[in-house]
Amino acid sequence: MARVHPILLCGGAGTRLWPLSRKSYPKQFSKLIGDESLFQASARRLSGPGFEAPVIVTADAFRFIVSEQLSAIDQPAQAILIEPEGRNTAPAILSAALWLAARDPEAMMLVAPSDHVIPDAARFRETVDAALPRAEAGDLVTFGIAPSRPETGYGYLELAPGADAGASAPQTLAGFVEKPDAARAAEMLVAGNFLWNAGIFLFSVKTILAAFEAHAPGLMAGVRAAVEGATADLGFTRLAPEPWAGLEDISIDYAVMERAGNLAAMPYSGVWSDLGGWEAVWLESGPDESGNVCSTNATAIDCRDTLLRSESEALEVVGIGLEDIVAVAMRDAVLVARKSDGQRVKEAVAALKAKGAKQAMDFPIDHRPWGWFESLVIGGRFQVKRIVVHPGASLSLQSHHHRSEHWIVVEGTAKVTIDDEVRLVTENEGVYIPLGAVHRMENPGKVPMALIEIQTGAYLGEDDIVRYEDAYARS
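Residues numbered from 1 in each chain as written. Predicted model: local features only at pLDDT ≥ 70, side-chain atom pairs only at ≥ 80, totals over all residues. Heavy atoms only, no water.

*Asks:* Talk me through the overall build of the protein chain; I want residue IDs and the actual numbers.
*Replies:* Per the secondary structure count, the protein chain includes eleven helices and 28 strands. Taken over C-alpha atoms, the radius of gyration comes to 24 Å for the protein chain, in line with the 23 Å a tight globule of 475 residues would show. By its C-alpha atoms, the protein chain is 75 × 60 × 40 Å across when sized along the principal axes. Out of the 475 residues in the protein chain, the part that is buried amounts to 52%. Partitioning the contacts of the protein chain with sequence separation of at least 6, the portion at a separation of at least 24 is 68%. Treating the 42 positive side-chain charges of the protein chain as one cloud and the 62 negative ones as another, the clouds have centres 2 Å apart. (Helix = DSSP H or I, 4+ residues; strand = E, 2+ residues; numbered from the N terminus. Rg over C-alpha atoms; globule rule 2.2 N^0.38 Å. Buried < 20%, exposed > 50% of the residue type's maximum accessible area, 1.4 Å probe, protein only. Contact = heavy atoms within 4.5 Å. Lys, Arg positive; Asp, Glu negative; His and termini not counted. Charge placed at Lys NZ, Arg CZ, Asp CG, Glu CD.)

So this is what it looks like as structure tokens:
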């Protein structure tokens, strides 16, 4: 049986789980359920015997988050393809198929989003094994989830007459159904021949390339040019931006699946969720006997069917007498809504964008290839940050036109360069970086290094950086 090449799609930036999911740090990289991010859990699930290392398709802004999170679980990637800009799932999947075709024309691809919850990884892998013969025979296999409720937030797969929605082998697919209203969803649940469309696919490279040639030939030339013109960058593969810019923004369902005739549906009866809103997070988190889900720093008093969540150890969330409420608190934003209104969170993000609130898109922690930082206090002419640098990592050699900086090491040891001087700064020691000085901060140790940075000056924006050398090839 052919070995499977997982294709993990993680370039999206959804808003339905705001404030935890934002454009700068979307939900796939967050620890929404359990101790690992959704992306890490997806990579683990699609690994082991029968699986090759994954091919990741992501955005430029997330490339170092991807590599860092894979490294944290000791999961190497076969390739990390960087999309110049988002163009939906059809171009992303086609780019991975063309990249694989140049290396293994007989490859089998398992395409999956990186933000789904599938707790029983072994059961899911068994389902993939059961679907392999149909994919090897030249079918496009799409995975469907046995519905447990009349869900209006998912698209559906309609099985052909005589097909079995509970079968352990691929079934004949009659067609795709768009997200229904409540009445239609209830009818489909009773009918028993519909599955939720999971957006997970299994096919050979040859089969999917033939399908694109037949049903979406307009995408082929541009994506092929982007792949053939790709450049290597610190272990990443950057798809060429010029041909990519002219591609149609279209999903794989619209581009290929709804037009193809060689389709099969593989039912999966295990637990699955795309965590498409806070109600889904509440459900998958396992409510207690009163229907409540509380994080470590949250307390429910006389509440029912409520999700209370704090993302800060310094911030306690307390609910009293609440019912059907979601309350999610971060140090820069708080969401309070009826759980049943969870799909309206995107309206809040749109309203924040309209008023120019940075919380709409920017995460309070800014992740960088060397570590991360957060702003603790911002004043008229000063800013206080906490900066954490990974072992062996370093910031760029840089200078500033408008600010000076004071660094105080609070954990670990920093190797500091200021003009021609290089020195080690240990815990409880500090240094001053004058305006215009060429400087760098490095962590030479084996544990994370943390420091407090105090910036003073007329302008404190992140664009006031002149880089002279950078290990991560940033301009």
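On we go.
*Asks:* Could you give an account of the UniProt feature "domain: Mannose-6-phosphate isomerase type II C-terminal" (unreviewed entry) in the protein chain, naming the residues involved and the relevant values?
*Replies:* UniProt marks residues 367–470 with the feature "domain: Mannose-6-phosphate isomerase type II C-terminal" (unreviewed entry), using the numbering shown here. What you have in residues 367–470 is 0% helix and 59% strand, and the ends, taken at the C-alpha atoms, are 16 Å apart. (UniProt positions renumbered as here; feature names shortened; annotations may be inferred.)

*Asks:* Give me the lowdown on the packing of helix 1 (residues 38–45) against helix 2 (residues 63–72), citing residues and values where you can.
*Replies:* Contact geometry of helix 1 with helix 2 gives a least axis separation of 10 Å together with a crossing angle of 55°. The angle between helix 1 and helix 2 places the two elements in the oblique class. Every pair of crossing elements has a handedness; the one defined by helix 1 and helix 2 is right-handed. Within the contact between the two elements, helix 1 uses F39, Q40 and A43 and helix 2 uses V66, Q69, L70 and A72. Of the residues in the contact of helix 1 with helix 2, the class split is five nonpolar, two polar and no charged. (Axes fitted to C-alpha atoms, helices over the stretch in contact; angles between N-to-C directions. Parallel < 35°, antiparallel > 145°, perpendicular 65-115°, else oblique. Left-handed = near helix turned anticlockwise from the far one by under 90°. Nonpolar A, V, L, I, M, F, W, Y, C, P; charged D, E, K, R; others polar.)

*Asks:* Tell me about the pattern of salt bridges, residues and numbers included.
*Replies:* Counted under the stated rule, the structure contains 24 salt bridges. Residue E36 is joined to R44 by a salt bridge in which the shortest nitrogen-to-oxygen separation is 2.7 Å. Within this structure, D60, R63, D233 and R238 form a network of salt bridges that share partners. (Salt bridge = Lys/Arg side-chain N within 4 Å of Asp/Glu carboxyl O.)

*Asks:* Which residues make up the side chain of D115, and what values go with them?
*Replies:* Structurally, D115 is set in the loop between strand 4 (108–113) and helix 4 (121–136). Using a relative accessible area of 19% as the deciding quantity, one classes D115 as buried. Setting aside chain neighbours within four positions, we find D115 in contact with K27, Q28, L38, S42, D274 and L275.

*Asks:* Describe the sheet that holds strand 27 (residues 449–457), naming the residues involved and giving the relevant values.
*Replies:* If you walk across this open sheet you meet the six strands as 18-19-20-27-22-25, and the pairing is antiparallel. Two strands close off the open sheet at either side, each with one partner strand: strand 18 (365–368) and strand 25 (430–433). Neighbour-to-neighbour, the strand axes of this sheet turn through a mean angle of 20°, independent of strand direction. For strand 22 (residues 403–411) and strand 25, the ladder comprises four bridges, and the chain directions are antiparallel. Bridged to E405 within strand 25 is I433. (Pairing = 2+ DSSP bridges.)

*Asks:* With reference to specific residues and values, describe the pairing of strand 23 (residues 414–418).
*Replies:* Burial of strand 23 is extensive: four of the five residues sit out of reach of the surface. In the sheet, strand 23 pairs with strand 24 (residues 421–425) via five bridges, with the strands oriented antiparallel. What sits directly across from T417, in strand 24, is V422. Remark: two residues form the turn of the hairpin made by strand 23 and strand 24, two consecutive strands paired antiparallel; D419 in that turn has positive phi of roughly 55°. Pairing of strand 23 with strand 26 (residues 439–442) involves four bridges; the strand directions are antiparallel. Note that in strand 26 the partner of I418 across the bridge is H439.

*Asks:* Could you give me a rundown of the sheet that holds strand 12 (residues 293–294), with the residues and numbers involved?
*Replies:* Two orientations exist for strands paired in a sheet by backbone hydrogen bonds: parallel and antiparallel. With mixed pairing, four strands are arranged side by side in an open sheet as 12-14-16-17. Looking at which strands have only one partner, the edges of the open sheet turn out to be strand 12 and strand 17 (333–338). Judged from the four bridges that link them, strand 14 (residues 307–310) and strand 16 (residues 325–330) form a sheet pairing that is parallel. Residue pairing in the sheet places R309 in a bridge with V328 of strand 16.

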